[in-house]
Amino acid sequence: GGAGGALPPAFTGTVGPSAGLFVGDRYALHVPETEYYAAATAEFEVEEGAPCRVELPLVRQRSALTVAMISSKAGTSATAHPHWAAQLPVPPGASFRLLHAGLGCLVASGSADDSGLCVLAAGAKPQRSAAEELAASQRVPEAIRRAFAAVDVDGSGSLTVAEVAKALKAYGGLAADGEEAMEAIKRHDTDGGRSLDLFEFSGLVEELVAHRDGRELRLAPRPGAGGSADGGVSSRSGILVGERYVVRLDDHPRLAPREQPPFEVAARRASAQVVVERARGQIEVVCRNARAGTQHWSAQLPLPESVAFNVWHRGLETAVATGRAAEETGAIGGGGAVPGRVLKEADALYVGEVYVIEVPAAAEVRPCAVEFTVAALPPGAFQKVPVLVARAAGRVTVHLAAADAAMPVPAGVRLQLTHKATGATVVPPIALAGARTELFGEDALLVNQTYVLSTLPAPGL
């Protein structure tokens, strides 16, 4: 590790004769533990003649990383009115990939819990689905896959110490014992399983070929990979202290794309914040007469000129928008002017959240409420939410009086009530028992509508 990162891939130093190293004696080269490297020791014997070259593999310190997903609205200033969406949790199933900022390779992956947190262990390994495992395995050269199958004696899909020793001999010409095979596993094992899977084995083969050809181990992405997560060099050491990483959010229907800045892992326990942006939707509030399409006399009546409504988030019981909608038109949540629609509160409707449209009681309409869930739609599209609005009804007291004040009102008077504009009969003929009666009934006498009240022919009238 280290190529393209904060630390160089190798360090070189020289110890001269003045140090008192005697030919034929054995010594130990020891590097103490630092914030970037674990302690390491290599034994060597001083030989006569050419200077002795001692190589000491250094193991980078790993870090456990806590990734915290927070809402973009959580940063609202405490001195201002906080945005209501700051209370919304991160949507379930929000997942991400951790990439090395310099190499572009995939280091780890994870998903947030209910609190928006994900803890990646020091030896974190990218998680793949079965389909992703199959696709990735197909990108491993066929020759390496055949070599892996040849040494995977038990067919377990991972190589044990004995099987790695066999691979070192077969493909590297090395008569390796169990200790050397274990060292090879440690260099390429990414999940701490003390074995090598196909992807880890491909790294070992690459190392063997490089050493056989006298070349340094290639740490840059392979040609044509473009530095992508799957095509480049994957991390074989987990999350390393001193390196810079960047989080890439996976596609999620309830999250909008958002670039995350790179960060440096500076300690063995580190944390990173990932700001998530909620995907927003647009709704078109479609007001309709609740009696439309029925046989009721008022089915053909239009609604009032405009109907006021409020939008509430159901879970938080918070008002998020208001508006007025005419019949068959009216929209909220969009951006820009749309003819015939009322657009308001563009930052209010979030995909996957449940809301309630409430029409409050007014002079001409009755209160009603409709629940809906915001759907993910293509840009510019509106989600239609129908609201059935019923007109408010009233009561009328009818007083009968004879045209001739000296005469009593005859018995058996029947009245007929019709709507003036449509001529529709509102209720069946009404028989009066006295000189006074009260007319009312659901959807009978609608507020601000004009009616005609007349007497029907009868004996004596």
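In case you missed it, the structure is sitting above this.
Residues numbered from 1 in each chain as written. Predicted model: local features only at pLDDT ≥ 70, side-chain atom pairs only at ≥ 80, totals over all residues. Heavy atoms only, no water.

> Could you clarify how one ought to interpret empty space enclosed by the protein in this entry?
If you roll a probe as big as a water molecule over the atoms, it shows you where there is empty space left. On inspection of all chains with the given rule, the structure shows two cavities of 30 Å³ or more. Volume-wise, the largest cavity comes out at about 70 Å³. For the lining of the largest cavity, the class distribution of residues is five nonpolar, two polar and three charged. For the second largest cavity, the calculated volume is near 40 Å³. Ser 71, Lys 73, Ala 85, Leu 88, Pro 89, Val 90, Arg 278 and Tyr 350 are the residues that line the second largest cavity. Across the lining of the second largest cavity, the residue classes tally to five nonpolar, one polar and two charged. (1 Å grid on protein atoms, 1.4 Å probe; cavity = no way out; pocket = protein on both sides within 12 Å on 5 of 7 lines; lining within 4 Å. Points joined across faces, edges and corners; volume = space filled by probe spheres on them. Nonpolar A, V, L, I, M, F, W, Y, C, P; charged D, E, K, R; others polar.)

> Where do I start with the pattern of salt bridges in this structure?
Close approach of charged atoms allows side chains with opposite charge to pair. Taken as a whole and assessed by the stated rule, the structure comprises 14 salt bridges. In this structure, the salt-bridge partner of Glu 259 is Arg 248, at a minimum N-O distance of 3.9 Å. Separated by 11 residues along the polypeptide, Glu 259 in the loop between β8 (255-256) and β9 (263-264) and Arg 248 in strand β7 (residues 244-249) bring together distant segments of the chain. On the basis of relative accessibility, which here comes to 29%, the residue Arg 248 falls in the partly exposed class. Notably, a salt bridge pairs Arg 278 with Glu 353, separated by 2.9 Å at the nearest N-O pair. You can see Arg 278 sitting in strand β10 (residues 269-278) and its partner Glu 353 sitting in the loop between β14 (331-332) and β15 (354-359), a full 75 residues away along the chain. For Arg 278, a relative accessible area of 8% gives the class buried. (Salt bridge = Lys/Arg side-chain N within 4 Å of Asp/Glu carboxyl O. Helix = DSSP H or I, 4+ residues; strand = E, 2+ residues; numbered from the N terminus. Buried < 20%, exposed > 50% of the residue type's maximum accessible area, 1.4 Å probe, protein only.)

> Help me out: how do you make sense of the nonpolar core in this one?
Across soluble globular proteins, you tend to see nonpolar side chains buried next to one another. Ranked by size, the top nonpolar core spans 29 residues in total, and within it Val 285, Val 311, Tyr 355, Ile 357, Phe 372 and Val 387 carry the most contacts. Those elements giving two or more residues to this core turn out to be β11 (283-289), β12 (307-313), β13 (318-325), β15, β16 (368-373) and β17 (383-389). One finds Ala 108, Ile 239, Tyr 245 and Val 247 within the second-largest nonpolar core, a separate group that totals 24 residues. (Core = buried A, V, L, I, M, F, W, Y, C linked by side-chain atoms within 4.5 Å.)

> Can you help me understand the pairing of β10 in this one?
The side chains of a regular strand alternate, first on one face of the sheet and then on the other. Of the pairings in the sheet, the one linking strand β3 (residues 64-71) to β10 comprises eight bridges and is parallel in character. Within β10, the residue paired with Thr 66 across the bridge is Ser 271. Here two bridges tie β8 to β10, and the two strands are oriented antiparallel to one another. When the sheet's bridge partners are listed, Ala 256 is paired in β10 with Glu 277. (Pairing = 2+ DSSP bridges.)

> I'm lost on the sheet that holds β3 in this one. Help?
Within a sheet, neighbouring strands are paired by backbone hydrogen bonds and run either parallel or antiparallel to one another. With mixed pairing, the four strands of this open sheet are ordered in space as β6-β3-β10-β8. Every other strand in the sheet has two partners, leaving β6 (117-120) and β8 as the edge strands with one partner each.

> Would you take a moment to explain the packing of helix α3 (residues 161-172) against helix α4 (residues 178-188) for this structure?
In a packed pair of helices, the relevant descriptors are the angle between the two axes and the axis-to-axis distance. Between α3 and α4, the shortest axis-to-axis distance is 8 Å and the interhelical angle comes to 95°. As judged from the angle between their axes, α3 and α4 are roughly perpendicular. Facing Val 161, Val 164, Ala 165 and Leu 168 of α3, the residues of α4 in contact are Gly 178, Glu 180, Ala 181, Met 182, Ala 184 and Ile 185. Split by residue class, the contact of α3 with α4 holds eight nonpolar, one polar and one charged. (Axes fitted to C-alpha atoms, helices over the stretch in contact; angles between N-to-C directions. Parallel < 35°, antiparallel > 145°, perpendicular 65-115°, else oblique. Contact = heavy atoms within 4.5 Å.)

> What should I look at first to understand the sheet that holds β16 in this one?
Pairing in this open sheet of four strands is antiparallel, and the strands run β13-β12-β15-β16 from one edge to the other. Each edge of the open sheet carries a strand with a single partner, namely β13 and β16. Between one strand and the next, the sheet's axes are offset by a mean angle of 25°, whatever the strand orientation. Pairing between β12 and β15: four bridges, direction antiparallel.

> Whenever I open this one, the pairing of β12 confuses me. Can you help?
Alternating positions in β12 separate cleanly, Val 307, Phe 309, Val 311 and His 313 being buried on one face and Ala 308, Asn 310 and Trp 312 remaining unburied on the opposite face. As defined by bridge partners, β12 adjoins β13 across seven bridges and the pair is classed as antiparallel. Residue pairing across strands places Phe 309 opposite Gly 323, the latter belonging to β13.

> Any chance you could explain the packing of aromatic side chains here in plain terms?
In this description, a pair of aromatic rings is defined by centroid distance and the angle of the planes. The tally for this structure, following the rule as stated, stands at six aromatic pairs. Within the aromatic cluster, the residues linked to one another by ring pairs are Trp 84, Tyr 350, Tyr 355 and Phe 372. Above the ring of Tyr 37, the side-chain terminus of Arg 60 is found at 5.8 Å from the ring centroid. (Phe/Tyr/Trp six-rings, centres within 6.5 Å; stacked < 30°, edge-to-face > 60°. Lys NZ or Arg CZ within 6 Å of the ring centre and 35° of its normal.)

> For this particular structure, what's the right way to read unusual backbone geometry?
A negative phi holds for most residues other than glycine; trans holds for most peptide bonds. In this model, Glu 317 sits at a positive phi of 55°, which is unusual for a non-glycine residue. Inspection of the secondary structure assignment puts Glu 317 in the loop between β12 and β13. With phi around 70°, Asn 448 is a residue other than glycine that occupies positive phi space. Following the sequence through the fold, Asn 448 ends up in the loop between β21 (436-439) and β22 (451-455). Residue Asn 448 is classed as exposed on the basis of its relative accessible area, which comes to 57%.

> When you look at α4 in this model, what are you seeing that I'm missing?
By the burial criterion, the buried members of α4 are Ala 181, Met 182, Ala 184, Ile 185 and His 188. In a view along the axis of α4, the buried residues occupy a sector of 155°, so they form one face of it. Set apart from the buried face of α4 by more than 90 degrees, the exposed residues are Glu 179 and Lys 186. (Arc of directions from axis to C-beta.)

> Help me understand the packing of helix α2 (residues 142-151) against α3, please; the structure alone is not making it clear to me.
Two elements in contact, α2 and α3, have axes separated by 9 Å at closest approach and are oriented at 130°. One finds that α2 runs oblique with respect to α3. In the packing of α2 onto α3, the handedness of the crossing is right-handed. Contacts between α2 and α3 involve Ala 147, Ala 150 and Val 151 on the former and, on the latter, Glu 163, Lys 166, Ala 167 and Tyr 171. Looking at the contact of α2 with α3, its residues break down into five nonpolar, no polar and two charged. (Left-handed = near helix turned anticlockwise from the far one by under 90°.)

> Just to check I follow, could you spell out the environment of Asp 347 for this structure?
Mapping Asp 347 onto the fold places it in the loop between β14 and β15. In the structure, Asp 347 is positioned 66 residues away from Gly 281 in sequence and 9.0 Å away in space, judged by C-alpha atoms. In this view, Asp 347 contacts Lys 73, His 83, Trp 84 and Arg 280; residues no more than four positions away in its chain are not counted.

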